[in-house]
Amino acid sequence: MKIKILFICLGNICRSPAAEGVMQRLVEERGIDNRFEIDSAGTYSGHQGQLPDPRMRRHASRRGYNLTHRARPITMSDLDYFDIIVAMDESNRRTIARMCATLEQEKKIVMMGDYIVKLRAHYDYVPDPYYEGAEGFEIALDLLEDACKNLFDDIIKQTKITTI
Ligand code: 4NP
């Protein structure tokens, strides 16, 4: 059975599709992409169908990520389908938690910020870069690369999957 991870932000055009791309590359590099299903969604549907923000695509592509996700809003069925639902900030977490009908669904929600280690002194969540300049996108990617790596290690430890 695949481990299904859903990354959530507000618009699903900056942080969460980037997180999806970062995590996808990690599982590919470790030769276990067949064991994972990785997706992203937003709590706001206004950008539905759009590719990630051109600024995020540009900054991510400089680090070798090709982001091709199409934005979509989170649905009730996502709460059952996915095993781990990763919120970028507290506002995202609250919105998802309100959608949950069962404790089992609510227990799937984790905070991306809990996996930030390197920039922990400055950030305990992934700030929204949408209204920021270039630096905001670089910080978001720095945080996502760090947090995805730590989330990945945690999953590997818990599931005892063998990696290369
Ligand atoms: P994201 O960034 O949540 O990281 O995708 C945003 C994208 C769009 C908006 C806000 C944040 N917006 O207000 O349209």
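The structure this text deals with has already been given above.
Just so we're clear, the structure is a prediction, and the values are computed from it rather than from any experiment.

### Describing helix α1 (residues 15-29)
Now for step 1: Taking 1.5 Å as the rise per residue, α1 with 15 residues should run 21 Å; its terminal C-alpha atoms sit 21 Å apart, in good agreement.
Now for step 2: Along α1, the residues that are buried comprise R15, S16, P17, A18, A19, E20, G21, V22, M23, L26 and V27.
Now for step 3: Positive phi shows up at G31, right after α1, with a value of about 70°.

### Some thoughts on the site of the ligand
Now for step 1: Around the ligand, a shell composed of C9, L10, G11, N12, I13, C14, R15, Y44, H47, D128, Y130 and Y131 is seen.
Now for step 2: Between L10 and the ligand, the recorded distance is 2.9 Å, taken from a backbone N or O atom to an oxygen atom.
Now for step 3: Contact between the ligand and D128: an oxygen atom at 3.1 Å from a side-chain N or O atom of the residue.
Now for step 4: Taking 350 Å² as the accessible area of the ligand by itself, protein coverage stands at 92%.
Now for step 5: The class makeup of the residues in the shell around the ligand is seven nonpolar, three polar and two charged.

### A word on the pattern of salt bridges
Now for step 1: A complete count under the given rule lists eleven salt bridges for this structure.
Now for step 2: Here E29 ties to R25 by a salt bridge, and the two come within 3.5 Å at their closest N and O atoms. Taken as a pair, E29 and R25 lie in helix α1 at a separation of four residues, close to a single helical turn.
Now for step 3: With relative accessibility at 51%, the residue E29 sits in the exposed group.
Now for step 4: With a shortest N-O distance of 3.6 Å, E90 and R94 are connected by a salt bridge. Of the two residues, E90 and R94 are both situated in helix α4 (residues 90-99); the distance of four residues between them amounts to about one turn of the helix.
Now for step 5: On the basis of relative accessibility, which here comes to 35%, the residue E90 falls in the partly exposed class.

What counts, and at which threshold
- Residues numbered from 1 in each chain as written.
- Predicted model: local features only at pLDDT ≥ 70, side-chain atom pairs only at ≥ 80, totals over all residues.
- Heavy atoms only, no water.
- Helix = DSSP H or I, 4+ residues; strand = E, 2+ residues; numbered from the N terminus.
- Expected span 1.5 Å × (residues − 1).
- Buried < 20%, exposed > 50% of the residue type's maximum accessible area, 1.4 Å probe, protein only.
- Near = heavy atom within 4 Å.
- Polar contact = N/O pair within 3.5 Å; in protein donor to acceptor, adjacent residues only side chain to side chain.
- Areas by Shrake-Rupley, 256 points an atom, 1.4 Å probe, with all protein chains shown as cover.
- Nonpolar A, V, L, I, M, F, W, Y, C, P; charged D, E, K, R; others polar.
- Salt bridge = Lys/Arg side-chain N within 4 Å of Asp/Glu carboxyl O.

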